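Below are the chains, spelled out letter by letter.
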Amino acid sequence: MTWTVPLTDVVVTDDDVAAVMDCYASGWLTMGPRTRAFEDAVAQFTGSTHAVAVSSGTAALHLACRAAGIGPGDEVIVPTMTFLATAHAPRYCGATPVLCDSASPTDMNLSVEDVSRRITPRTKAVIAVHFCGYTADLAPLRTLCDENGLVLIEDMAQAIGARYADGRPCGTGGDLACVSFFSKKQLSVGEGGAVLTGSSGAADIVRSLRSHAMTSGTWDRHRGHEDSYDIVDLGYNYRLDEPRAALGLARIPRLAAEIDARRAAVLRYRERLGFSERLTLLWDDEAVSRSSHFAFPVLTDTHELRVHLRRSLAEAGIQTTRYPALHVLEEYAGQTDASLSVAEATADRHLCLPLWAGIDDDTVDRVCERVLHDVREA
Ligand SMILES: *Cc1c(COP(=O)(O)O)cnc(C)c1O
């Protein structure tokens, strides 16, 4: 299928390519000085004390769970409305994810009240997902976690550059936060991720576990700082490599402007689609001003309209997507629970329309015209 309007697009500039070629020409490809510089740039952009780069957002979630001390017998509360990696991560540590509901029909993020209801003596942590770039309601969640001695992990794979309701940057409100640099994400290098934390102890654990828990790395040994190593834990190979760090470093200076461009497109969509009686916009203008706009979902009034729109837009060459709630997937079917009904209704009726930093006004207008036409004809 060749789409006339793809769901998303990645803009790679000549400077991006030159930075990567420069890295290859240097002859040093595994984790080294460029990864270190990329970590500094990510920490600075997100306002976090420590950023530790890893090979994916999924690896970041796994290592955040390890650094949080999550293990067999523990329960970790995660929203059912998320990408599966959020729930897989505690399972990699032998723990059990407990799915929770969404906040409201127009807020796909977790319900703090529902999290509170699902806390048991076994609960060790909560993973708050900032869905589509919109931050979860972190202040009351922080209070709840503190009162119950729970670790608060943020899955900000979709939300680099977003802000909480109090204006602080996303990634600074939990104990650990996980970023993804997957190709669809706002800051993309292909595959990559990072763990952000204010705790130097947690940062040390993540740094150690991403590289087999070896007491010295290849770059240290290359520079003659160490001539041998010890192994002190069960670690992994979750390293980021230098070409991808170089690409990230080249792209990060444009990130703030690209997020603004995404927001401008979202505002245009909202203005044009908001008056349709059969469509509901998610979140509100204030939330839009703080989101970093990974995706633009709209709600249809019925499941049938969503199915119809997805098909009719595809026929017009316009690519869309949707997220299933985790508890309807076979792997998580055992977790089905009537009180996940808010998420289930949203999952059944939402559709994400094309969005990327370089989408132009004409394209947004064409998609809107087609959506409104198809809604009228449905
Ligand atoms: C993309 C994503 C991840 C996983 O990131 P990868 O880099 O693809 O491993 C985790 N959680 C959410 C919410 C995501 O959107």
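Not measured: the values here are computed from a predicted model.

Caption draft 1: Spotlight on the sheet that holds strand β2 (residues 75-79). Here 7 strands make up an open sheet; going across it, the order is β1-β9-β8-β7-β6-β2-β3 and the pairing mixed. Two strands in the sheet have a free side with no partner beyond their single neighbour: β1 (50-54) and β3 (96-100). Taking each pair of neighbouring strands and ignoring which way they run, the sheet shows an average axis angle of 25°. Bridge count for β1 against strand β9 (residues 193-197) is 5 bridges, and the pairing is antiparallel. In the strand pairing of β9, V54 is matched with G193. On top of the sheet, helix α3 (residues 57-67) reaches β1, β6 (123-129), β7 (151-155), β8 (176-180) and β9; it is set at about 165° to β8, its chief contact. The strands that helix α7 (residues 200-209) touches are β1, β8 and β9; relative to β1, the one it contacts most, it runs at about 15°.

Caption draft 2: Highlighting the site of the ligand. Lining the immediate environment of the ligand, one finds 16 residues, of which G57, T58, D155, S180 and K185 sit closest. T58 places a side-chain nitrogen or oxygen 2.5 Å from an oxygen atom of the ligand. Protein chains shield 93% of the accessible area of the ligand, which is 380 Å² for the free molecule. Only α3 and α4 (85-92) provide two or more residues apiece to the shell around the ligand. With 3 residues, α3 is the largest single contributor of residues to the shell around the ligand.

Caption draft 3: Highlighting a nonpolar patch on the surface. There is a patch of nonpolar side chains on the surface, built from V10, V12, V17, M21, Y24 and L29 and spanning about 530 Å² of accessible area. Tracing the sequence through the fold places V12 in the segment before α1 (14-26).

Caption draft 4: Highlighting the UniProt feature "modified residue: N6-(pyridoxal phosphate)lysine" (unreviewed entry) in the chain. When the UniProt feature table is mapped to this numbering, "modified residue: N6-(pyridoxal phosphate)lysine" (unreviewed entry) covers K185. Tracing the sequence through the fold places K185 in the loop between β8 and β9. Not counting residues within four places of it along the chain, the set of residues in contact with K185 comprises A157, Q158, S180, R262 and F294.

Rules used throughout
- Residues numbered from 1 in each chain as written.
- Predicted model: local features only at pLDDT ≥ 70, side-chain atom pairs only at ≥ 80, totals over all residues.
- Heavy atoms only, no water.
- Pairing = 2+ DSSP bridges.
- Helix = DSSP H or I, 4+ residues; strand = E, 2+ residues; numbered from the N terminus.
- Axes fitted to C-alpha atoms, helices over the stretch in contact; angles between N-to-C directions.
- Contact = heavy atoms within 4.5 Å.
- Near = heavy atom within 4 Å.
- Polar contact = N/O pair within 3.5 Å; in protein donor to acceptor, adjacent residues only side chain to side chain.
- Areas by Shrake-Rupley, 256 points an atom, 1.4 Å probe, with all protein chains shown as cover.
- Patch = residues over 30% accessible without salt bridge, like charges linked within 9 Å, V, L, I, M, F, W, Y side chains within 5 Å.
- Salt bridge = Lys/Arg side-chain N within 4 Å of Asp/Glu carboxyl O.
- UniProt positions renumbered as here; feature names shortened; annotations may be inferred.

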